[in-house]
Amino acid sequence: MIFLEQRGRELLPEVPEVLTILYDRLPACQQGALKESLFDAVSLLASYHPEAVINSLLQRQLPMDSDTAALWRTLGRSCFALQVLQLLLERLESAETTSSSRNCPEDAVKDKEAALEPLTVTCAISELVSAVQTQETVPFLLPWLLPMLLKQVSDTLGKEMPSSPGRVEEKLVPVACGEDSHPCRLSIKALDMVLCKCIDEKWTGILRKQRTWAFLENPQTHHEAMCLLTSVLLQAGVITLAVVNAVFPWLESPAANLRTTATSFFAELMKHPMLQERKLLQPVLSALVDKCQDTSSTVCQMAVRGLGNLASGAPEKLRQHKAAVVEVLLRAIKDVSSSQIAGESLSALAKVVAELKEKGLGMTLRDIALYTKTFFDADEAVLRSAAFTLYGILASFAKRRWKSFLCQEAKTTWVRILLHLRDPDPAVYNACRSTFVLCTPLLGLRKLQTHVTLNMEKSAEELQEAVCSHLARNVPELLDSVYDTFRTYFWSSCWAMQTAAIKLTGVILENADARWLGEQDMSALSTALQLMQEDQHPSVQQAAAQVLGDNWSELRNVHTSWEVMRVPRPQESEEWEGQRGEERAASPERWLCYHGAGATSGPK
């Protein structure tokens, strides 16, 4: 120590050799005091030659062993920690630029590996920041630290640990770091450590509670975690103009991961007035419109989300560019290659439509409605949920100009909405229930609307049965359409829809009058139900067996009797009017069973 204090300034050329000597002594030091004195010696040397010490320490291989980590923490506790952190930031920026510009053939082979130098610097930052004791040091550099560490997270996403370059220090055996041997996790650890020094504990607590870090390192959920992280950082007040300007160029990066990170960031930022206040909204909006046609489906999805968030972040801007935004979102709905993009488009359109209202949509309202209903029976629950939500918003616009169109639409979709009240996905069920309430008045049937209102507190199954019973008894003009729609759902790919359709068909059969029953092809229905008894799902089998077992013989008898009564012999037809009066007087119960209470004339 005395030697370093007296001659330390003269040792610049010997810094690597001095550090190697000190480092080699560390494993043999069992006494804490002796080891601390060696750490202090490194710190003293760094005070004279910080860049040389940093360069030498960065040569240690990954995963970082405990002694190397302790040396970085020693520098973090020093009075010149800010200087060391600034040098590491410069080194990280230089290393990231170098790794991003690699394009030689042998680099392509290592494409699955994280770049070694940026990862090493990131680990050093993590250890150094964890030991920083002054409150101002890390927050002062956060506008530079935050984007650089986010970029490092993105660059290491889905990558493996880098292979050893064959340095001299390879003879050192690293201490196994277990879960920290994952490159993206190491980058996230550094980001977490920096944020812990810069924002209130309640915000970091939210990030951990929402498992943000775990989702951020997963390529499948990185975009969602990035949105959550951006939201929390906005509330914490640490996303500055410098951070936004640093992230914006990533939208045009050749790396899909970096474009995903940036697009997710701006998708969430579109909710916030900051972009408009800083006059950045127009360039970001233009960029998001372009990204809706990106080669990465995740980038497209996040760009679409950003356009939807414009409705809450800058509604005036949305109204100014409504035609372009709606056109892009409608085009995205038609993207059959990605259900995620289509689902995101439906959700974004729901926000946009709710903001623009009927007047602001113009003729596009028709197109939106027609495309939306095509997703009612989609295999993915997220598509069904988003479609029912958007359709419900459209139904609430049934006034003035679009009332006739939307009422006609409701007549073609209402039965399908009724069936999906039994959807197995809770989110779909909730969206469907709200839409069902909004669409029922459009049918123009007050008694049905009143009946639905009175039964809305019931469970989905009870509500469906109550509605179908009412239809069978009181709304004959809808019964054929309802029955035919139910029959088509016998062959649905969703067992819950099959089961509901079969059970509700049974409800109709139990409550319909004899005239209607006599007009149905019971043989075809029987054949279909028998086939359903052979379905793979037990619920479908049981529903079909129940319908065939519940008074089926009696229903067939009523049907057969009505067939006889409604197709008389020619001579009977000539005398029909006289005979029907005599028949009704002789046996009024039989007459009502066959013809129904409202029968006033013979069959045509």
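Note that the structure is predicted; figures quoted are calculated from it, not measured. (Residues numbered from 1 in each chain as written. Predicted model: local features only at pLDDT ≥ 70, side-chain atom pairs only at ≥ 80, totals over all residues. Heavy atoms only, no water.)

**Looking at the pattern of salt bridges**
So, point 1. What the rule picks out here adds up to 17 salt bridges.
So, point 2. For the salt bridge of Arg305 with Glu224, the shortest nitrogen-to-oxygen distance reads 2.8 Å. Of this pair, Arg305 sits in helix H18 (residues 297–313) while Glu224 sits in helix H13 (residues 222–236), and the two are 81 residues apart along the sequence.
So, point 3. The buried category is assigned to Arg305, whose relative accessible area is 14%.
So, point 4. On the basis of relative accessibility, which here comes to 35%, the residue Glu224 falls in the partly exposed class. (Salt bridge = Lys/Arg side-chain N within 4 Å of Asp/Glu carboxyl O. Helix = DSSP H or I, 4+ residues; strand = E, 2+ residues; numbered from the N terminus. Buried < 20%, exposed > 50% of the residue type's maximum accessible area, 1.4 Å probe, protein only.)

**Let's talk about the packing of helix H23 (residues 381–395) against helix H25 (residues 426–439)**
So, point 1. Running from amino to carboxyl end, H23 crosses H25 at an angle of 20°, the nearest separation of the two axes being 8 Å. In terms of their interaxial angle, H23 and H25 are classed as roughly parallel. Crossing handedness for the pair H23 and H25: left-handed. Taken together, the residues of H25 that come into contact with H23 (itself represented by Ala381, Arg384, Ser385, Phe388, Thr389, Tyr391, Gly392 and Ala395) are Ala427, Val428, Ala431, Cys432, Thr435, Leu438 and Cys439.
So, point 2. Residue composition of the contact of H23 with H25, grouped by class: 10 nonpolar, four polar and one charged. (Axes fitted to C-alpha atoms, helices over the stretch in contact; angles between N-to-C directions. Parallel < 35°, antiparallel > 145°, perpendicular 65-115°, else oblique. Left-handed = near helix turned anticlockwise from the far one by under 90°. Contact = heavy atoms within 4.5 Å. Nonpolar A, V, L, I, M, F, W, Y, C, P; charged D, E, K, R; others polar.)

**Some words on a positive patch on the surface**
So, point 1. Together, Lys322, Lys357, Lys359, Lys399 and Arg400 line one region of the surface with positive charge.
So, point 2. The topology assignment puts Lys322 in helix H20 (residues 322–333).
So, point 3. According to the relative accessible area criterion, Lys322 is partly exposed, its value standing at 32%. (Patch = residues over 30% accessible without salt bridge, like charges linked within 9 Å, V, L, I, M, F, W, Y side chains within 5 Å. Areas by Shrake-Rupley, 256 points an atom, 1.4 Å probe, with all protein chains shown as cover. Lys, Arg positive; Asp, Glu negative; His and termini not counted. Charge placed at Lys NZ, Arg CZ, Asp CG, Glu CD.)

**Side note on the confidence of the model for the protein chain**
So, point 1. Taken as a whole, the protein chain shows an average pLDDT of 84; of its residues, 83% reach a score of 70 or greater.
So, point 2. In the predicted structure, residues 567–580 sits below a pLDDT of 50 and forms 14 contacts with residues beyond four places in sequence or in another chain.
So, point 3. Predicted confidence is poor over residues 582–604, with pLDDT under 50, and the contacts of this stretch with residues over four places away or in other chains come to 35 contacts. (pLDDT = per-residue confidence, 0-100.)

**A short note on the environment of Ala190**
So, point 1. Along the chain, Ala190 turns up in helix H10 (residues 183–196).
So, point 2. Classification of Ala190 as buried rests on a relative accessible area of 0%.
So, point 3. Taking the C-alpha atoms as reference points, Ala190 and Thr122, 68 residues apart in sequence, are found 6.5 Å from one another.
So, point 4. Setting aside residues up to four positions removed in sequence, Ala190 forms contacts with Thr122, Ser126 and Leu149.

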